[in-house]
Amino acid sequence: STKKDRAPRDVWRTWLRAVGLGSGLVVAALLLWSSLGAEDGVTEVLARRGEVLVGRFIEVPCSEDYDSHRRYEGCTPRRCGRGVTDTVITREDAERIRSIAEKGLSLGGSDGGASILDLHSGALSVGKHFVNLYRYFGDKIQNIFSEEDFQLYREVRQKVQLTVANAFGISPSSLHLTKPTFFSRINSTEAQTAHDEYWHAHVDKVTYGSFDYTSLLYLSDYLQDFGGGRFVFVEAGANKTVEPRAAAAASDERLAAVHVLSLTRTSFCKVFSDVTSIGRLSFFTSGSENLHRVEEVRWGTRYAMTIAFTCNPDHGITDPAFWEPGPRSAPGGPGPRPS
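Cut-off values and rules
- Residues numbered from 1 in each chain as written.
- Predicted model: local features only at pLDDT ≥ 70, side-chain atom pairs only at ≥ 80, totals over all residues.
- Heavy atoms only, no water.
- Disulfide = S-S within 2.5 Å.
- Helix = DSSP H or I, 4+ residues; strand = E, 2+ residues; numbered from the N terminus.
- Buried < 20%, exposed > 50% of the residue type's maximum accessible area, 1.4 Å probe, protein only.
- Lys, Arg positive; Asp, Glu negative; His and termini not counted.
- Salt bridge = Lys/Arg side-chain N within 4 Å of Asp/Glu carboxyl O.
- Polar contact = N/O pair within 3.5 Å; in protein donor to acceptor, adjacent residues only side chain to side chain.

1. With respect to the state of the cysteines
Moving on, step 1. Using the criterion set out here, one finds 2 disulfides in the structure.
Moving on, step 2. There is a disulfide in this structure between Cys62 and Cys80, and the S-S distance comes to 2.0 Å. On the sign convention where negative is left-handed, the bridge of Cys62 and Cys80, at about 105° about the S-S bond, is right-handed. A residue pair is termed long-range when its members are at least 10 positions apart, and Cys62 in the loop between β2 (56-60) and β3 (80-85) and Cys80 in strand β3 qualify at 18 residues.
Moving on, step 3. Among the residues examined, Cys62 registers a relative accessible area of 29% and is labelled partly exposed.
Moving on, step 4. Each disulfide pairs two cysteine sulfurs, and for Cys75 the partner residue is Cys311, the sulfurs being separated by 2.1 Å. Its S-S torsion of about -80° marks the bond between Cys75 and Cys311 as left-handed, since a negative value means left-handed. Of this pair, Cys75 sits in the loop between β2 and β3 while Cys311 sits in the segment after β17 (297-310), placing them 236 residues apart in sequence.

2. Remarks on the side chain of Glu289
Moving on, step 1. Looking at where Glu289 falls in the secondary structure, it is placed in the loop between β15 (281-285) and β16 (292-294).
Moving on, step 2. Of the side chains with opposite charge, Arg82 lies nearest to the buried Glu289, which makes no salt bridge, at 7.6 Å.
Moving on, step 3. In terms of polar contacts, Glu289 uses its side chain to reach the side chain of Tyr66, at 2.5 Å.
Moving on, step 4. In terms of polar contacts, Glu289 uses its side chain to reach the side chain of Thr285, at 2.7 Å.

Right, here's the structure in full:
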């Protein structure tokens, strides 16, 4: 009878062990999936899913990069940091301005994963090179873009400029649009040239000496249009990421964010994810205090618009215009680096 009593118990224990093992495998699979879905190990949410950011600003100590350039009182950064907002433009306007990028990039595109369209200089990625789209396509451009496209471009730039100026406590008139200001399109295609390797960490003030303030307008939805491709601020000591929710979860035309903190041994990263709902704006001072990179896009297509500002009027550029579509000089030197 003892054996008979023990048999059901043994079966029960075996079943429990099987269930426990199965549960463990499920948890392990979920952890593996999570690690594959979030580079650098995201572990702590700082801002809950569903939050709409009217304006969030994180102040950081300024680097010495600005000391090697002429200072402009009331403009050159003395208060440095990085910010993000979901309320600068509507989703409708973001979709309209993305259509400008889509129309322009339909004329060319890189053989690798990163393509550039600069309406100011005319630089357009074509194959492994850049061409000047105004020279290359001539009068055909009038059938691609409209006057309304360039008007929207100017309006969005003005809104971004005002947002950046207000965040850093400077006069909008002291800021000047500077080059390169451009659209980027990134996908998972293997890099063919150095211009396609957008994922390397860099400092905008070092790469482009004219930059004082950098902004990035996101024109795609995370996990709907693309995966991977988050924007990462890199510092010594730890990893911190800000990962916004996908557009499908948004409560209205405004966008939402999820801020995530993770710690590692090597680097500290804050991600204002361009893997965000379309229309989010992130911005930051351009010095070494904001060393950054972009994660590789794993699938889909990520559109964004880099809008750069300088305090030096000599480095300023004008808005492109339909009837006078920017300089006709052929693009040369290193191409813009997508952010």
